[in-house]
Amino acid sequence: RVADPELRLIFASAGWLDAVVREVNAHADLGRALSGLGADLAAVVERDSRHFPSGAAAWGRQESGRIVVWRMLEDEDDVLELEPAYVVRAPLALWKDLLTGRADPVQAALSGRVKVKGDLEGLVRRAGYRYILDEALRRVPTEFPDEVSG
C-alpha cells in the first residue's frame, strides 16, 4: 500500500502530516510503542530564513495506542501554549537526515544535535520501534522544501 509515487507531499505540510499519521496509526505495533509515554509530542523544525521563516511544528496527542488528534502549527512558538509532554527540535537539514535514515535519532538526541524536552530516557527505550515510522515514511512520498523547484 504505497501512495501514488507521482504525488509527492511536502515535508511539514498538513497533507504530509495527515498521510504519515494515517500510516503510523495503521501499524499493529503502535500501541506497544506508545504504551507508557506522555500524552502528546511536538516535533519542531527550527526557523530557517529560506524554507521556514517562522519555523514549523507538528503536534499530536495519543490515547489508547493511537494518535487521535494532530495538526501542523503555524509558528514554532505555538508549541509553548500547548505544553506537550515531549518537544523534539532540530533544523531542517537534520530532520531530513533523520527521516531518510542518514542520521540515527538516538545518537542525534544524546549528542544534543536534536534537542529533546521531556523524558528522553523513555523515548530512547522505544528506539526499537523506529521501524513503525520508517515503514510509514516509505509509504508517503516526501519532498523536502530544499528540493522543490521554483
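Since the structure is predicted, the reported quantities are computational estimates derived from the model, not experimental observations.

Procedures and definitions
- Residues numbered from 1 in each chain as written.
- Predicted model: local features only at pLDDT ≥ 70, side-chain atom pairs only at ≥ 80, totals over all residues.
- Heavy atoms only, no water.
- Helix = DSSP H or I, 4+ residues; strand = E, 2+ residues; numbered from the N terminus.
- Rg over C-alpha atoms; globule rule 2.2 N^0.38 Å.
- Buried < 20%, exposed > 50% of the residue type's maximum accessible area, 1.4 Å probe, protein only.
- Areas by Shrake-Rupley, 256 points an atom, 1.4 Å probe, with all protein chains shown as cover.
- Lys, Arg positive; Asp, Glu negative; His and termini not counted.
- Charge placed at Lys NZ, Arg CZ, Asp CG, Glu CD.
- Phe/Tyr/Trp six-rings, centres within 6.5 Å; stacked < 30°, edge-to-face > 60°.
- Salt bridge = Lys/Arg side-chain N within 4 Å of Asp/Glu carboxyl O.
- Polar contact = N/O pair within 3.5 Å; in protein donor to acceptor, adjacent residues only side chain to side chain.
- Contact = heavy atoms within 4.5 Å.
- Pairing = 2+ DSSP bridges.
- Core = buried A, V, L, I, M, F, W, Y, C linked by side-chain atoms within 4.5 Å.

### Considering the overall build of the chain
- Scanning the chain from terminus to terminus reveals 7 helices and 7 strands.
- Each helix and strand of the chain, ordered N terminal to C terminal, gives the series β-α-α-β-β-β-α-β-α-α-β-α-α-β.
- In terms of overall size, the chain behaves like a compact globule, its C-alpha atoms giving a radius of gyration of 15 Å where 150 residues would be expected to give roughly 15 Å.
- Along the longest, intermediate and shortest principal axes, the C-alpha atoms of the chain span 45 × 35 × 30 Å.
- By the burial criterion, 40% of the 150 residues in the chain qualify as buried.
- Of the roughly 8300 Å² of accessible surface on the chain, a fraction of 52% belongs to carbon and sulfur atoms.
- In the chain, the 20 positive side-chain charges and the 25 negative ones have mean positions that sit 4 Å from each other.

### Topic: the packing of aromatic side chains
- Counted according to the given criterion, the structure contains 3 aromatic pairs.
- On the basis of an interplanar angle of 70° and a centroid distance of 5.0 Å, the ring pair of Phe-11 and Trp-16 is categorised as edge-to-face. The burial state of Phe-11 is the same as that of Trp-16; both residues are buried.
- The interplanar angle of 35° and the centroid separation of 6.3 Å between the aromatic rings of Tyr-129 and Tyr-131 together place this pair among those described as tilted.
- The partly exposed category is assigned to Tyr-131, whose relative accessible area is 29%.
- An aromatic cluster of three or more residues is present, and its members are Phe-11, Trp-16 and Phe-144.

### What about the side chain of Arg-126?
- With respect to the secondary-structure elements, Arg-126 resides in the loop between helix H6 (120-125) and helix H7 (130-139).
- Despite its burial, Arg-126 pairs with no opposite charge; the closest candidate is Asp-119, at 5.8 Å N-O.
- A polar atom in the side chain of Arg-126 sits 2.8 Å from the backbone oxygen of Gly-122.
- The contacts of Arg-126, once residues within four sequence positions are left out, are Ala-33, Ser-35, Gly-36 and Leu-37.

### Details of unusual backbone geometry
- Of note in this structure, Ser-64 is not a glycine but carries a positive phi near 50°.
- Relative to the elements of secondary structure, Ser-64 occurs in the loop between strand S3 (56-63) and strand S4 (66-73).
- In this structure Ser-64 comes out as exposed when scored by relative accessible area, which is 79%.
- Although it is not a glycine, Glu-83 adopts a positive phi angle of roughly 50°.
- Among the secondary structure elements, Glu-83 is positioned in the loop between helix H3 (78-82) and strand S5 (86-90).

### Structural notes on the pairing of S5
- For S5, the tally of buried residues reaches 4 of 5 residues, placing the bulk of the element in the interior.
- Bridge count for S5 against strand S6 (residues 115-117) is 3 bridges, and the pairing is antiparallel. Residue pairing in the sheet places Arg-89 in a bridge with Lys-115 of S6.

### Describing the side chain of Glu-46
- Positionally, Glu-46 belongs in the loop between strand S2 (40-45) and S3.
- In this structure the side chain of Glu-46 is engaged in a polar contact, spanning 3.1 Å, whose partner is the side chain of Lys-115.
- Beyond its immediate chain neighbours, meaning those up to four positions away, Glu-46 contacts Phe-52, Gly-55, Glu-76, Arg-89, Ala-90, Pro-91 and Lys-115.

### Some words on the nonpolar core
- Counting residues in each nonpolar core, the largest one holds 34 residues, and the members touching the most others are Phe-11 and Trp-16.
- Going through the elements one at a time, helix H1 (14-25), helix H2 (30-34), S3, S4, S5, helix H4 (92-99) and H7 are the ones with two or more residues in this core.
- The dominant element in this core, judged by the number of residues it contributes, is H1, at 6 residues.
- In this view, Trp-16 contacts Leu-9, Ile-10, Phe-11, Leu-99, Leu-137, Val-140 and Thr-142; residues no more than four positions away in its chain are not counted.
- Among the nonpolar cores identified, the runner-up in size contains 7 residues, and Ala-42, Val-44, Leu-73 and Val-87 belong to it.

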